[in-house]
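Below, each chain spelled out in residue letters.
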Amino acid sequence: MDTEVNNDIKTMSFEQALEALERIVDDLERGDVPLDQSIRIYERGEALKAHCDRLLKAAEDKVEKIRLSRDGKPVGTEPLDGE
């Protein structure tokens, strides 16, 4: 995979990456993209998917760290590293 072409992905928000991934899926499903371009955009799609997975995992970790009071209400958060 050409990492230079995909350098912009690491700065995308989850929503931006998901939108770009959806456009790639639409393009590939249409079937009118030349083979060499299909391979390039498929690889970009894989990079976008991996980025979305990382961002989603980080968000899930943050949610898991929300502390609850005895009555089940959020009272704050803890750092992910436990400090």
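Keep in mind it's a predicted model, so treat the numbers as computed, not measured.

A.B. asks: Before we go on, may I ask you to explain the overall build of the chain in this structure?
C.D. replies: Assigned secondary structure in the chain consists of 2 helices and 2 strands. As presented, the chain carries roughly 6,500 Å² of accessible surface, and 53% of it is formed by carbon and sulfur atoms.

A.B. asks: Looking at this structure, I do not really get the side chain of Asn6. What am I missing?
C.D. replies: Looking at the element boundaries, Asn6 is found in the segment before helix 1 (14-30). By relative accessible area, which is 10% here, Asn6 ends up buried. Separated by 3.1 Å, the side chains of Asn6 and Arg44 make a polar contact.

A.B. asks: Please clarify how the environment of Glu43 should be interpreted in this entry.
C.D. replies: Checked against the element boundaries, Glu43 lands in helix 2 (residues 35-64). Each C-alpha atom of the pair Glu43 and Asn6 lies 9.2 Å from the other, and the pair is 37 residues apart in sequence.

A.B. asks: Hey, could you run me through the environment of Arg30 in this one?
C.D. replies: By the element assignment, Arg30 lies in helix 1. Note on Arg30: relative accessible area 52%, which makes it exposed. Looking at Arg30, its side chain comes within polar contact range of the side chain of Asp32, at 3.1 Å.

A.B. asks: Help me understand helix 2, please; the structure alone is not making it clear to me.
C.D. replies: Helical geometry: 3.6 residues make up each α-helical turn, so side chains three or four residues apart lie on a common side. In this model, helix 2 (30 residues) spans 43 Å end to end at C-alpha, consistent with the 44 Å of a helix rising 1.5 Å per residue. Considering only its buried residues, helix 2 is in contact with helix 1.

A.B. asks: What am I meant to see in the packing of helix 1 against helix 2 here?
C.D. replies: Two elements in contact, helix 1 and helix 2, have axes whose closest approach is 9 Å; the angle formed by their N-to-C orientations is 150 degrees. In this view, helix 1 runs roughly antiparallel relative to helix 2, as classed from their interaxial angle. Of the two elements, helix 1 crosses helix 2, and the hand of that crossing is left-handed. Judged by residue contacts, Phe14, Ala17, Leu18, Ala20, Leu21, Ile24, Asp27 and Leu28 of helix 1 engage Ser38, Ile41, Tyr42, Arg44, Gly45, Leu48, Lys49, His51, Cys52, Leu55 and Leu56 from helix 2. For the contact of helix 1 with helix 2, the class distribution of residues is 13 nonpolar, 3 polar and 3 charged.

A.B. asks: Got a minute to help me understand the nonpolar core in this structure?
C.D. replies: Generally speaking, nonpolar side chains in soluble globular proteins are found buried as a group. Formed by Ile9, Met12, Ala17, Ala20, Leu21, Ile24, Val33, Ile41, Ala47, Leu48 and Cys52, the largest nonpolar core amounts to 11 residues. Elements represented by at least two residues in this core include exactly helix 1 and helix 2. Every residue in contact with Ile24, bar those within four places of it in the chain, is listed here: Ile41, Arg44, Gly45 and Leu48.

A.B. asks: What exactly am I supposed to notice about helix 1 here?
C.D. replies: Look at helix 1: 24 Å from first C-alpha to last across 17 residues, which is about the 24 Å you get at 1.5 Å a residue. Buried within helix 1 are the following residues: Ala17, Ala20, Leu21 and Ile24. Viewed along the axis of helix 1, the buried residues span an arc of 100 degrees, placing them on a single side of the element. In helix 1, the exposed positions that point more than 90 degrees away from the buried face belong to Glu15, Glu29 and Arg30.

How each quantity is defined
Residues numbered from 1 in each chain as written. Predicted model: local features only at pLDDT ≥ 70, side-chain atom pairs only at ≥ 80, totals over all residues. Heavy atoms only, no water. Helix = DSSP H or I, 4+ residues; strand = E, 2+ residues; numbered from the N terminus. Areas by Shrake-Rupley, 256 points an atom, 1.4 Å probe, with all protein chains shown as cover. Buried < 20%, exposed > 50% of the residue type's maximum accessible area, 1.4 Å probe, protein only. Polar contact = N/O pair within 3.5 Å; in protein donor to acceptor, adjacent residues only side chain to side chain. Expected span 1.5 Å × (residues − 1). Contact = heavy atoms within 4.5 Å. Axes fitted to C-alpha atoms, helices over the stretch in contact; angles between N-to-C directions. Parallel < 35°, antiparallel > 145°, perpendicular 65-115°, else oblique. Left-handed = near helix turned anticlockwise from the far one by under 90°. Nonpolar A, V, L, I, M, F, W, Y, C, P; charged D, E, K, R; others polar. Core = buried A, V, L, I, M, F, W, Y, C linked by side-chain atoms within 4.5 Å. Arc of directions from axis to C-beta.

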